[in-house]
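# Observations on the three-dimensional arrangement
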Amino acid sequence: PDNKTIAVVMHGEVFVLPAEDAVEARRITMTPAREHHVAWGSDSKTLFYCSDRDGDYAIYSADASTGIEKRLTNSTEAEMKPLPSPDGKYLVFYRGLDKIIRYEIASGKEEIWIEGGFHDFALEETMEYAWSHDSKWLAFTMVGPTYESDIWVASLDEQKQNISKFAGYNFRPMFSTDGKLVYFT
């Protein structure tokens, strides 16, 4: 978020390096397991990612300067693609193939925010959800009963609406900078 440091996953490990003149990368994780889907917290100090070091994929955080890690979740289902809200209050991620979890970062409280068909979105490299800039809405792709996909939005107060309603395949939602539009392919 501060555009000074980037985080990457190489050979299943998380590294941070300067955005400019990147000569050396500093290793954050050091496990025989695989880490994936690293994302910066809004504080530009915390990294969120998933790892299968204890069996199924779980969500972890790490301090980017010290490398101190913390496991955030303890589900028996695979959890993938953590994405922090711009205001730093929440983290969303897939749990299994049918849930999006909303995790409150400060308290560790989590809830199933959205249930539906998410096919294999958790496994693909692309993001199929995006926060609004005010952190009040999440736009996401959900699969219908005949495997078509639509773009939906969900508010923090549990309102949900299908905004694409097209027959076919719609993917990769993104809010406009003013939050009034959702772009998708």
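A brief structural summary. (Residues numbered from 1 in each chain as written. Predicted model: local features only at pLDDT ≥ 70, side-chain atom pairs only at ≥ 80, totals over all residues. Heavy atoms only, no water.)

## Some words on the side chain of Ser85
Mapped onto the fold, Ser85 is located in the loop between strand E8 (79-84) and strand E9 (90-95). Among the residues examined, Ser85 registers a relative accessible area of 2% and is labelled buried. Excluding residues that lie within four positions of it along the chain, Ser85 makes contacts with Ser42, Tyr90, Trp131 and Ser135. (Helix = DSSP H or I, 4+ residues; strand = E, 2+ residues; numbered from the N terminus. Buried < 20%, exposed > 50% of the residue type's maximum accessible area, 1.4 Å probe, protein only. Contact = heavy atoms within 4.5 Å.)

## What about the sheet that holds strand E1 (residues 5-10)?
With respect to topology, 3 strands assemble into an open sheet ordered E1-E2-E3, the strand pairing being antiparallel. With one partner strand each, in any of the chains shown, E1 and strand E3 (26-27) form the two edges of the open sheet. Inspection of the sheet shows strand E2 (residues 13-18) paired to E3 by 2 bridges, in the antiparallel sense. Of the residues in E3, the one forming a bridge with Phe15 is Arg27. (Pairing = 2+ DSSP bridges.)

## Structural notes on the nonpolar core
Proteins that are soluble and globular tend to have nonpolar side chains buried together. In this structure, Val92, Ile100, Ile114, Phe118, Tyr129, Leu138 and Phe140 are the most contacted members of the largest nonpolar core, which totals 26 residues. Those elements that provide at least two residues to this core are strand E5 (46-51), E8, E9, strand E10 (99-104), strand E11 (110-115), strand E12 (129-131) and strand E13 (137-143). In terms of residue count, the dominant contributor to this core is E9 (5 residues). Leave out the neighbours within four places in its chain, and Tyr129 touches Met80, Lys81, Pro82, Leu83, Val92, Phe93, Tyr94, Ile100, Leu138, Ala139, Phe140 and Pro173. (Core = buried A, V, L, I, M, F, W, Y, C linked by side-chain atoms within 4.5 Å.)

## Considering the environment of Asp2
Locating Asp2 in the fold gives a position in the segment before E1. Asp2 sits in the partly exposed class, given a relative accessible area of 33%. Here Lys4 takes part through its backbone nitrogen, which lies 2.8 Å from a polar atom of the side chain of Asp2. (Polar contact = N/O pair within 3.5 Å; in protein donor to acceptor, adjacent residues only side chain to side chain.)

## Describing unusual backbone geometry
In this structure, Lys81 takes a positive phi of about 60° despite not being glycine. In this fold, Lys81 is placed in strand E8. The class of Lys81 is buried, set by a relative accessible area of 0%. Positive phi outside glycine occurs at Tyr147, with the angle close to 70°. Along the chain, the position of Tyr147 falls in the loop between E13 and strand E14 (149-155).

## Quick look at the pairing of E5
Along E5, 5 of the 6 residues are buried, which leaves the element largely enclosed by surrounding structure. In the sheet, strand E4 (residues 35-40) pairs with E5 via 4 bridges, with the strands oriented antiparallel. When the bridges of E5 are listed, His36 appears paired with Cys50. Between E4 and E5, which pair antiparallel and follow one another directly, the connecting turn spans 5 residues, one of which, Ser44, has a positive phi of 60°. Pairing analysis gives 6 bridges linking E5 to strand E6 (residues 58-63), with the strands arranged antiparallel. Following the sheet pairing, Phe48 is matched in E6 by Ser61. Connecting E5 to the antiparallel partner E6 that follows it, the hairpin turn spans 6 residues, and Gly55 within it adopts a positive phi of roughly 120°.

## Regarding a nonpolar patch on the surface
Together, Met174, Leu181 and Tyr183 give the surface a local cluster of nonpolar side chains, amounting to about 330 Å² of exposed area. By secondary structure assignment, the location of Leu181 is in the loop between strand E16 (174-175) and strand E17 (182-183). (Patch = residues over 30% accessible without salt bridge, like charges linked within 9 Å, V, L, I, M, F, W, Y side chains within 5 Å. Areas by Shrake-Rupley, 256 points an atom, 1.4 Å probe, with all protein chains shown as cover. Salt bridge = Lys/Arg side-chain N within 4 Å of Asp/Glu carboxyl O.)

## A short note on the environment of Ile163
As for its position among the elements, Ile163 is in the loop between strand E15 (160-162) and E16. By relative accessible area, Ile163 is classed as partly exposed at 35%. Between the C-alpha atom of Ile163 and that of Ala7, which follows or precedes it by 156 residues, the distance is 33 Å. Not counting residues within four places of it along the chain, the set of residues in contact with Ile163 comprises Ile151, Trp152, Val153 and Val182.

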